[in-house]
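# Results of the structural survey
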Amino acid sequence: YEDNIDNLEDMPIRYNHTFYPDLNAHNCINGTDNPKWMEQNDEFKRLYLFKNHAGCCRKWFSDFDIDGCMNNVVQGIYNVEPCPLNRPDCNNVAT
């Protein structure tokens, strides 16, 4: 909920940030356009999908190029289901 926004203004867009490793580029991508096999079961989701960039980089690239990963955020695509108007409890769940 945003106390400082007038009722006539649009509510801010909130994203469900997701990061996943690009093993070929040695980097983590910010988006929901990850390969579908990364979310095929709970174990794969825990292994490949992260809520922050640092966690993804530490897990996948700490042995050889964590600095390169941390200094290079790749923006992917987000598929976001919009919230109904005036619904501050909506979290814009990525699909």
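Residues numbered from 1 in each chain as written. Predicted model: local features only at pLDDT ≥ 70, side-chain atom pairs only at ≥ 80, totals over all residues. Heavy atoms only, no water.

### Examining the overall build of the protein chain
We count it as follows: Going along the chain from the N terminus, every DSSP run of H or I of four or more residues is numbered as a helix, and every run of E of two or more is numbered as a strand. Here the term buried applies to any residue with accessible area under 20% of the maximum for its type, exposed to any over 50%, and partly exposed to those in between, with areas from a 1.4 Å probe on protein chains only. Should any heavy atoms of two residues lie within 4.5 Å, those residues are considered in contact.
Within the protein chain, the regular secondary structure consists of three helices and three strands. Helices (α) and strands (β) of the protein chain occur, in sequence order from the N terminus, as β-β-α-α-α-β. When each of the 95 residues of the protein chain is scored for burial, the buried share is 26%. Sequence-distant contacts in the protein chain: of pairs separated by 6 or more residues, those separated by 24 or more amount to 54%.

### Quick word on the pairing of strand β2 (residues 27–30)
To be explicit about the condition: The pairing criterion is simple: DSSP has to find at least two bridges between the two strands.
Where burial is concerned, the two faces of β2 agree: the one with Asn-27 and Ile-29 and the one with Cys-28 and Asn-30 are both buried. Where strand β1 (residues 19–22) lies against β2, four bridges are found, and the strand directions are antiparallel. Each residue of the ladder has a partner; that of Pro-21, found in β2, is Cys-28. In this sheet, strand β3 (residues 74–75) lies alongside β2 in parallel orientation, the contact comprising two bridges. Within β3, the residue paired with Ile-29 across the bridge is Val-74.

### So, the packing of aromatic side chains
This is how it is decided: Two rings from Phe, Tyr or Trp (for Trp, the six-membered ring) form a pair when their centres sit within 6.5 Å of each other. Planes less than 30 degrees apart are called stacked, planes more than 60 degrees apart edge-to-face, and all others tilted.
Tallying each qualifying case throughout the model produces five aromatic pairs. Between Phe-61 and Phe-64, the ring centres sit 5.9 Å apart and the planes meet at 85°, which makes this aromatic pair edge-to-face. Among the residues examined, Phe-64 registers a relative accessible area of 51% and is labelled exposed. Taken together, Trp-37, Phe-44, Tyr-48 and Trp-60 form an aromatic cluster joined through their ring pairs.

### A look at unusual backbone geometry
Backbone geometry follows two general trends: most residues other than glycine have a negative phi, and most peptide bonds adopt the trans configuration. Even without being a glycine, His-26 presents a positive backbone phi close to 55°. Tracing the backbone through its elements, the reader meets His-26 in the loop between β1 and β2. Its relative accessible area of 37% is what places His-26 among the partly exposed residues.

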